[in-house]
Each structure stands twice: as C-alpha cells, then as structure tokens.
Amino acid sequence: FSNSFTLKPKRNYYYRVYGENLAGVRWASSTATFITPTTSPIVANVSASNVGVTVAMMGGNVICTGGLPTTVRIYWGQTNGGTDFAAWAHTNDLNIRNEGSFQWQATGLTKGTLYWYRCHGTNSVGGYWAVSSTNFTTLADTDNDGMPDEWEDGYGLNSSNPGDANTDADGD
C-alpha cells in the first residue's frame, strides 16, 4: 500500500494507522507525528518579458524555500555562465523571497544583443540553480532613433533613417 503526495519542508505532520481484515477494522491507539526536514530552496527561470531596445524584465519562481529564509539572485550577461558564479558578468541580489514569482528589470542593455540569465536561491541548508539558463535578444534599432526596427518596419517607416522618427507616416 502506498499513498504518494508531496510534503512541505519544516512542517509537523500527524498520522494514525489502522488494519482491516474480515474480522473488522482496528485503529492504532494513538496518533503519531513527525517533522519534515528543511531543504535547499528550489527556483526556476521564467521567460524574459517587456524586452525592448535597452531594457528587459528577467524573472523566475521560488518553487520551494525549503522552510527557511531564501535569498534569490539573478546572474546574467552576454555569455551563458552555467552554474559557475564567477562566469557571469552581472549579479542582482533580490534579497529574501517567499515562494512565488519575482522579477527584476535590467536597463542600459545593448540593442540587438543576446543576453543570458539564470536564477539561484540560497538558504542555510544550501543553494540551488534553476535547471537551465534562459536567454533573450534585445530589439534592434539600426538608425538609433529610439524606435525598434521591427516597429518601424511594421508602421511603414525606414529603420535605416533616423529622420523619419519625427514624421507622421499614416497622416494622423
């Protein structure tokens, strides 16, 4: 017999057993208890959002804190540093987080550039990297007029002409 379910760390659980056969059912005389141990946290990346020419929102989820205060950091840069702290160009400390989603906005990024990031959680038991790194590419702005090429192309502007930033292509 088995009943499989997920237990939360650092929680007190109670149980009581019984036996059943043709003669009937008999319960144990008392309830027993156990406390689950604390564990390392578990974090995951989520896809970048609000990606612009020089900005992007990076984020993730704290899936489990391990029952302890958990510090979350986002490691990021133009190369994938994997699980090597020193291989990442930048680190942003998001302080102690509870279970749930988190995000951080990077600014001053280089246009049309591939960036990588990976979330890491740490508590007093240990640390945990998100399963893999995530990447995104900032939008291109060939003529440096502050409008992404994709937007200019979609609205009939010339992504190579900075002067058309001040025109009204559709006459409104």
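What counts, and where the lines are drawn
Residues numbered from 1 in each chain as written. Predicted model: local features only at pLDDT ≥ 70, side-chain atom pairs only at ≥ 80, totals over all residues. Heavy atoms only, no water. Helix = DSSP H or I, 4+ residues; strand = E, 2+ residues; numbered from the N terminus. Rg over C-alpha atoms; globule rule 2.2 N^0.38 Å. Buried < 20%, exposed > 50% of the residue type's maximum accessible area, 1.4 Å probe, protein only. Contact = heavy atoms within 4.5 Å. Areas by Shrake-Rupley, 256 points an atom, 1.4 Å probe, with all protein chains shown as cover. Pairing = 2+ DSSP bridges. Axes fitted to C-alpha atoms, helices over the stretch in contact; angles between N-to-C directions. Phe/Tyr/Trp six-rings, centres within 6.5 Å; stacked < 30°, edge-to-face > 60°. Salt bridge = Lys/Arg side-chain N within 4 Å of Asp/Glu carboxyl O.

Chemist: Describe the overall build of the chain, and please don't skip the residues or the numbers.
Modeler: Scanning the chain from N- to C-terminus turns up one helix and 12 strands. For 172 residues, the compact-globule estimate of 2.2 N^0.38 gives 16 Å, and the chain exceeds it by more than 25% at 26 Å. Expressed as lengths along the three principal axes of its C-alpha atoms, the size of the chain is roughly 90 × 40 × 20 Å. Considering the chain as a whole, with its 172 residues, one finds that 33% of them fall into the buried category. Sequence separation of at least 24 residues holds for 56% of the intrachain contacts in the chain that already meet a minimum separation of 6. Put simply, the chain shows about 10600 Å² of open surface, and 50% of that area lies on carbon and sulfur atoms.

Chemist: Would you mind going over unusual backbone geometry in detail, with residue names and values included?
Modeler: A positive phi angle, close to 50°, is found at Asn50, a residue other than glycine. Residue position: Asn50 is located in the loop between β5 (42-49) and β6 (56-64). Residue Asn144 is not a glycine yet carries a positive backbone phi of 55°. Note on Asn144: relative accessible area 56%, which makes it exposed.

Chemist: Tell me about the sheet that holds β5, residues and numbers included.
Modeler: One open sheet accounts for three strands, arranged β5-β6-β9; its pairing is antiparallel. The open sheet has two free edges, formed respectively by β5 and β9 (100-106), since each of these has just one partner strand. The sheet shows a mean angle of 25° between the axes of neighbouring strands, taken without regard to direction. Note: β6 against β9, seven bridges, orientation antiparallel. Among the inter-strand pairings, Val62 is bridged to a residue of β9, identified as Gly100.

Chemist: Account for the pairing of β5, naming residues and giving values.
Modeler: Direction of pairing for β5 relative to β6: antiparallel, over a ladder of six bridges. Within β6, the residue paired with Ser49 across the bridge is Met57.

Chemist: So what's going on with the packing of aromatic side chains? Residues and values would help.
Modeler: A ring pair, where both rings are aromatic, is described by two values, the distance of the centres and the angle of the planes. Taken as a whole and assessed by the stated rule, the structure comprises nine aromatic pairs. Of the aromatic side chains, those joined through ring pairs into one cluster are Trp76, Trp104, Tyr115, Tyr117 and Phe136.

Chemist: Give a detailed account of the environment of Gly127, specifying residues and quantitative values.
Modeler: Note on placement: Gly127 falls in strand β11 (residues 127-129). For Gly127 and Thr39, which are 88 residues apart along the polypeptide, the C-alpha to C-alpha distance reads 9.5 Å. In this structure, Gly127 is in contact with Ser40, His120, Gly121 and Thr122, ignoring residues within four places of it in sequence.

Chemist: Lay out the pattern of salt bridges with the relevant residues and their values.
Modeler: Applying the stated criterion to the full structure yields one salt bridge. Of the charged contacts in the structure, one is a salt bridge between Arg73 and Asp93, with a shortest N-O distance of 3.6 Å. Here the residue Arg73 occupies a position in strand β7 (residues 70-77), and Asp93 occupies one in strand β8 (residues 90-97), the gap between them amounting to 20 residues. Of the residues examined, Asp93 reaches a relative accessible area of 41% and is grouped as partly exposed.

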